[in-house]
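# Coordinate inspection notes
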Amino acid sequence: MSLTGKTIAVLGGTGAEGSGLAFRWAHAGLTVIIGSREAAKAQVAAAALNALLGRAAIEGVDNATAAARGDIIVLTVPYAAATTTALGVKEHLGGKIFLDVTVPLIPPKFDRVQLPDGRSAVEQLAEKLGPDVSVVAAFQNVGAHHLKDLAHTVDCDVLVCGDSREAREAAVALAEAAGLVGIHAGALANAAAAEAMTSVLIAINKAYKAKASGIRITGLPPRT
Ligand SMILES: NC(=O)c1ccc[n+]([C@@H]2O[C@H](COP(=O)([O-])OP(=O)(O)OC[C@H]3O[C@@H](n4cnc5c(N)ncnc54)[C@H](OP(=O)(O)O)[C@@H]3O)[C@@H](O)[C@H]2O)c1
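### A short note on the overall build of the protein
Looking only at helices and strands, the protein features seven helices and eight strands. Each principal axis of the C-alpha distribution contributes one length, and for the protein these read about 40 × 40 × 40 Å. The proportion of buried residues among the 224 residues of the protein is 49%. Within the protein, contacts between residues separated by at least 24 positions form 73% of all contacts whose residues are at least 6 apart in sequence. Per element, the accessible surface of the protein, about 10,300 Å² overall, is 54% carbon and sulfur. Of the charged side chains in the protein, 20 are positive and 20 negative; the average position of the first set lies 6 Å away from that of the second.

Okay, structure coming up:
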């Protein structure tokens, strides 16, 4: 899917993961706006990212404005705030692609798999958003740590799960724009595996004193 002409709106884009993805997407030439609960905070975060980029590419606005202006809406807030944030901008999501990056990490045991009701959190969120929103899950396993360092090859594939092929194609294209490989990984329900894997990776980081362990899918045909 071509991302040309699309606006990518990152809700919670002031945070570690959202700002890192926004930075990479803007560096790739995409139109990116970051959202916050406070427009002023988003403006400060956008200015810092633009300084890093060396050009005024990213705009900072409040989450509702970001959702209204975006064609692809990306959610990067803590799990505890995910449903409230998404439902708070629901009126702006109809007919759009909604890319959920959040992971159901429940304090204090981030390194333990705790899927709510044993199902993927994003599937439950999608039910609340309704059939008019094309929900896709991706980037759950990509640590924020190296995203703002373009010289660093992020050593992690991106599992893309969603019930809409168009939404999955968009997420795969966004992974590529960020310098990563996006992999079609089936239905939205399969995001349970990616969400659970994040806790596994956190446990691995702890065990090996690593900053950003990742995953690779093997056995695929060579990419053309
Ligand atoms: N960090 C990683 O390495 C990583 C990797 C993969 C996936 N993820 C997932 O991505 C999501 C974001 O992670 P993160 O590390 O970027 O989180 P974060 O920095 O703690 O928070 C991101 C942003 O969420 C907003 N936020 C915080 N509390 C909120 C609340 N109660 N209500 C509404 N908005 C709130 C804040 O923006 P404002 O204050 O500007 O509104 C904050 O800047 C999480 O679900 C995480 O599991 C993270």
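### So, the site of the ligand
The full set close to the ligand counts 23 residues, and Thr14, Ser36, Arg37, Lys41 and Val77 are the nearest of them. Within the side chain of Thr14, one N or O atom sits 2.6 Å away from an oxygen atom of the ligand. The separation between an oxygen atom of the ligand and a polar main-chain atom of Ala16 is 3.1 Å. Computed on the free molecule, the ligand has an accessible area of 880 Å², of which 74% lies beneath the protein chains in the complex. Looking at the shell around the ligand, the elements with two or more residues in it are α1 (16-27) and α4 (79-88). The biggest single contributor to the shell around the ligand is α4, with three residues. A per-class count over the shell around the ligand returns 11 nonpolar, nine polar and three charged.

### Considerations on the pairing of strand β6 (residues 134-137)
Taken together, the four bridges between strand β5 (residues 97-100) and β6 define a ladder with parallel strand orientation. Across the sheet, residue Ile97 finds its bridge partner in β6, namely Ser134. Following the chain from β5 across helix α5 (residues 121-129) to the adjacent parallel β6, one finds a crossover that is right-handed. Where β6 meets strand β7 (residues 158-162), two bridges bridge the pair, whose relative direction is antiparallel. The partner of Val136 across the bridge, within β7, is Gly162.

### Remarks on a nonpolar patch on the surface
Judged by side-chain polarity, Val113, Val200, Ile204 and Tyr208 come together as a nonpolar surface patch covering roughly 370 Å² of accessible area. Within the fold, Ile204 resides in helix α7 (residues 191-208). Using a relative accessible area of 33% as the deciding quantity, one classes Ile204 as partly exposed.

### What to know about the environment of Met197
Looking at the element boundaries, Met197 is found in helix α7. Distance from Met197 to Val103, taken between C-alpha atoms, is 9.6 Å for residues 94 residues apart in sequence.

### Considering the packing of aromatic side chains
Any aromatic ring pair is given by two values, namely how distant the centres are and how the planes are angled relative to each other. Tallied over the entire structure, the rule returns one aromatic pair. Geometrically, the ring pair formed by Trp25 and Phe139 is edge-to-face, given 5.8 Å between the ring centres and 70° between the ring planes. Note that Trp25 is positioned in helix α1 and Phe139 in the loop between β6 and β7, a separation of 114 residues in sequence. A single burial state applies to Trp25 and to Phe139, both of which are buried.

What counts as what
Residues numbered from 1 in each chain as written. Predicted model: local features only at pLDDT ≥ 70, side-chain atom pairs only at ≥ 80, totals over all residues. Heavy atoms only, no water. Helix = DSSP H or I, 4+ residues; strand = E, 2+ residues; numbered from the N terminus. Buried < 20%, exposed > 50% of the residue type's maximum accessible area, 1.4 Å probe, protein only. Contact = heavy atoms within 4.5 Å. Areas by Shrake-Rupley, 256 points an atom, 1.4 Å probe, with all protein chains shown as cover. Lys, Arg positive; Asp, Glu negative; His and termini not counted. Charge placed at Lys NZ, Arg CZ, Asp CG, Glu CD. Near = heavy atom within 4 Å. Polar contact = N/O pair within 3.5 Å; in protein donor to acceptor, adjacent residues only side chain to side chain. Nonpolar A, V, L, I, M, F, W, Y, C, P; charged D, E, K, R; others polar. Pairing = 2+ DSSP bridges. Right-handed = clockwise from strand over helix to strand, strands pointing away. Patch = residues over 30% accessible without salt bridge, like charges linked within 9 Å, V, L, I, M, F, W, Y side chains within 5 Å. Salt bridge = Lys/Arg side-chain N within 4 Å of Asp/Glu carboxyl O. Phe/Tyr/Trp six-rings, centres within 6.5 Å; stacked < 30°, edge-to-face > 60°.

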